[in-house]
Amino acid sequence: MKKVLCLFVAVAIALVCTSCSTNTEKKEKYTASFLDLFDTASTVIAYDTGQESFDNHYQQFYNELEAYDHLYDIYHLYEGINNLYIVNANAAKAPVKVDSRIIELLKYGKEIYKLSDGKTNICFGSVLSLWHRERSIASDDPSSARLPDMQELREAAQHTDIDDLIIDEQESTVYFRDPDMRLDVGAIAKGYAVQQVTRFAKDNLWSAAAISIGGNVTTFGFKNDDGKTKWTIGIDNPDTNAEDYLLTVNITDRAVVTSGDYQRYYTVDGKRYCHIIDPDTLMPGEYVSGVSVICDDSALGDALSTTLFNMSINDGKKLVESMDGVEAVWVDKEYKKTLSSGLNEYIKK
């Protein structure tokens, strides 16, 4: 993630600062960074007519993203909002009325469950909460680091049936048929939110922008706002000792999303355990060190990168090759790359 942000800054410095827009009004490149949404470091690069205009547009962008951050938060309360924290606390007792943006996210989660054959499950919160608890304990006191109890994990896994998530679109309510089920939308929420705010920005704020929310990158328009130069994005190398990016790609109106075992993890008895849990084993995925997806939808990219992380490279490649407009690169445990058939067209020459 830090490497992606560094590349954004490097590109920002290197670019020509002015260009002519379609209405002949000069635009300059502006950059803003923040740390307080979706628990991650983020950067926005966009072309605008002046600092005041950019600041105004950036505030609108930030406000939109903040609304999604609050709605999709499963860990915190916000005054006046029935967010997913409220849903998890109350939806087993009675249907909880929620914002339509939560309804749309949960509907999308059900679609992804089918697409991934259960590899990505937003109703896996009962299991993921056990891992979150141990990571938190280890963060506070590394000497206390331990794995969740396997029997507890197995018992929690009995409460992850996505059919027990009852969504009433007409009433805009969410209900849990299983009182022990809990939502965890971490595999799709950030990507979904980024896609929505990117569309908002494209329709209302800027003609060209590159947006990185914790390494979940979306782009539209062209670098320099020149109508021809694509954005250059560096993909992190899971080998943290490597000095270079894994790949550098040229894109526009596309998203790049990465999942890896080097992003969030904790260590027990010298072994690293990442935050991406395989629903088949109830343990962190062991197939690859990282996988990055390029597609035209950040929500799909986010969901697919998690799904592919929990599949063998051969099975994952079959899935990617069956989908139009989707490419991926896998990095195995020995840091060997595997590319989907169409990825080369994006690689910077």
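Residues numbered from 1 in each chain as written. Predicted model: local features only at pLDDT ≥ 70, side-chain atom pairs only at ≥ 80, totals over all residues. Heavy atoms only, no water.

Undergrad: How should I be thinking about the overall build of the protein chain in this particular structure?
TA: Along the protein chain, the regular secondary structure elements total nine helices and 18 strands. For the protein chain, the C-alpha radius of gyration of 20 Å lies close to 20 Å, the compact-globule estimate for 349 residues. In the protein chain, which comprises 349 residues, the share counted as buried stands at 54%. The long-range fraction of contacts in the protein chain, counting pairs at least 24 apart against all pairs at least 6 apart in sequence, stands at 61%. Of the roughly 16,100 Å² that the protein chain leaves accessible, carbon and sulfur atoms contribute 46%. Positive and negative side-chain charges in the protein chain, numbering 35 and 54 respectively, have mean positions lying 5 Å apart. (Helix = DSSP H or I, 4+ residues; strand = E, 2+ residues; numbered from the N terminus. Rg over C-alpha atoms; globule rule 2.2 N^0.38 Å. Buried < 20%, exposed > 50% of the residue type's maximum accessible area, 1.4 Å probe, protein only. Contact = heavy atoms within 4.5 Å. Areas by Shrake-Rupley, 256 points an atom, 1.4 Å probe, with all protein chains shown as cover. Lys, Arg positive; Asp, Glu negative; His and termini not counted. Charge placed at Lys NZ, Arg CZ, Asp CG, Glu CD.)

Undergrad: I would appreciate a short explanation of the nonpolar core in the present structure.
TA: Here is a general trend for soluble globular proteins: nonpolar side chains tend to be buried in one another's company. Ranked by internal contacts, the top residues of the largest apolar core, which has 70 residues, are Phe-61, Tyr-72 and Trp-206. In terms of residue count, the dominant contributor to this core is helix α2 (residues 51-71) (seven residues). In this view, Tyr-72 contacts Leu-84, Arg-101, Ile-102, Leu-105, Val-185, Ala-189, Tyr-192 and Ala-193; residues no more than four positions away in its chain are not counted. Core analysis: the next-biggest nonpolar cluster, separate from the first, contains 19 residues, Trp-231, Leu-246, Ile-294 and Val-329 among them. (Core = buried A, V, L, I, M, F, W, Y, C linked by side-chain atoms within 4.5 Å.)

Undergrad: Could you clarify how one ought to interpret the packing of aromatic side chains in this entry?
TA: Taken as a whole and judged by the stated rule, the model has 13 aromatic pairs. For the ring pair Phe-34 and Tyr-62, a centre distance of 5.4 Å and an interplane angle of 80° mean the geometry is edge-to-face. With a gap of 28 residues between them, Phe-34 in strand β2 (residues 26-37) and Tyr-62 in helix α2 connect regions that are remote in the sequence. When its relative accessible area of 12% is taken as the criterion, Tyr-62 is described as buried. Lying across the ring of Tyr-68, Arg-101 places its NZ or CZ 5.5 Å from the centre. (Phe/Tyr/Trp six-rings, centres within 6.5 Å; stacked < 30°, edge-to-face > 60°. Lys NZ or Arg CZ within 6 Å of the ring centre and 35° of its normal.)

Undergrad: Can you walk me through the environment of Ser-172 in this structure?
TA: Summarising the element assignment, Ser-172 is placed in the loop between β5 (165-168) and β6 (173-176). Placed 75 residues apart in sequence, Ser-172 and Lys-97 show a C-alpha to C-alpha distance of 5.6 Å. Residue contacts for Ser-172: discarding those within four places in its chain leaves Val-96, Lys-97, Val-98, Asp-99, Ser-100 and Ile-103.

Undergrad: What exactly am I supposed to notice about α2 here?
TA: Since the α-helix advances by 3.6 residues per turn, residues separated by three or four positions end up pointing in the same direction. Between its first and last C-alpha, α2 extends 30 Å over 21 residues, near the 30 Å set by a 1.5 Å rise per residue. The secondary structure elements touched by the buried residues of α2 are β2, β3 (40-48), α3 (84-90), α4 (100-115), α7 (189-204) and β7 (209-213). (Expected span 1.5 Å × (residues − 1).)

Undergrad: Help me understand the packing of helix α5 (residues 125-140) against helix α6 (residues 150-157), please; the structure alone is not making it clear to me.
TA: Any two packed helices are characterised by how steeply their axes cross, that is the angle between the axes, and by the distance between the axes. One can describe the packing of α5 onto α6 by two numbers: an axis separation of 7 Å at closest approach and a directional angle of 150°. Regarding the angle of α5 to α6, the classification is roughly antiparallel. Residues Ser-126, Val-127, Leu-130, Trp-131 and Arg-133 of α5 touch α6, and the partners they reach there are Glu-152, Leu-153, Ala-156 and Ala-157. Taken together, the residues that form the contact of α5 with α6 break down as six nonpolar, one polar and two charged. (Axes fitted to C-alpha atoms, helices over the stretch in contact; angles between N-to-C directions. Parallel < 35°, antiparallel > 145°, perpendicular 65-115°, else oblique. Nonpolar A, V, L, I, M, F, W, Y, C, P; charged D, E, K, R; others polar.)

Undergrad: Help me understand the packing of helix α8 (residues 298-309) against helix α9 (residues 313-321), please; the structure alone is not making it clear to me.
TA: Where α8 contacts α9, the axes come no closer than 9 Å and their chain directions differ by 150°. Here α8 is positioned roughly antiparallel relative to α9, judged by the angle of their axes. Residues Leu-304, Thr-307 and Leu-308 of α8 pack against Gly-316, Leu-319 and Val-320 of α9. Tallied by class, residues from the contact of α8 with α9 come to four nonpolar, two polar and no charged.

Undergrad: Looking at this structure, how should I read the layout of surface pockets?
TA: Sizing a probe to match a water molecule and rolling it over the atoms shows the empty space that remains. Its volume calculated, the second largest pocket comes out at about 210 Å³. Along the walls of the second largest pocket sit 13 residues, with Ile-74, Asn-88, Ser-129, Arg-182 and Leu-183 positioned nearest its centre. With five residues, the top contributor of residues to the lining of the second largest pocket is α5. A breakdown of the residues in the lining of the second largest pocket according to their chemical character gives six nonpolar, five polar and two charged. (1 Å grid on protein atoms, 1.4 Å probe; cavity = no way out; pocket = protein on both sides within 12 Å on 5 of 7 lines; lining within 4 Å. Points joined across faces, edges and corners; volume = space filled by probe spheres on them.)

Undergrad: For this particular structure, what's the right way to read the pattern of salt bridges?
TA: Pairs can form between side chains of opposite charge once their charged atoms are near each other. A complete count under the given rule lists 16 salt bridges for this structure. Across the pair Asp-225 and Lys-27 runs a salt bridge whose closest N-O atoms are separated by 3.9 Å. Here the residue Asp-225 occupies a position in the loop between β8 (216-220) and β9 (231-235), and Lys-27 occupies one in strand β2, the gap between them amounting to 198 residues. Using a relative accessible area of 14% as the deciding quantity, one classes Lys-27 as buried. Among the salt bridges present, the one from Glu-152 reaches Arg-133, with a minimum N-O distance of 3.6 Å. Placement of Glu-152 in helix α6 and of Arg-133 in helix α5 is noted, with a sequence separation of 19 residues between them. Judged by relative accessible area, which is 34%, Glu-152 ranks as partly exposed. (Salt bridge = Lys/Arg side-chain N within 4 Å of Asp/Glu carboxyl O.)

Undergrad: Quick question: what am I supposed to make of unusual backbone geometry here?
TA: In most cases, non-glycine residues show a negative phi, while peptide bonds are predominantly trans. Within the chain, Phe-38 stands out as a residue other than glycine whose phi angle is a positive 55°. With respect to the helices and strands, the residue Phe-38 is situated in the loop between β2 and β3. On the accessibility criterion, Phe-38 (14% relative accessible area) is buried. Residues other than glycine seldom take positive phi values, yet Asp-225 does so here, at roughly 55°.

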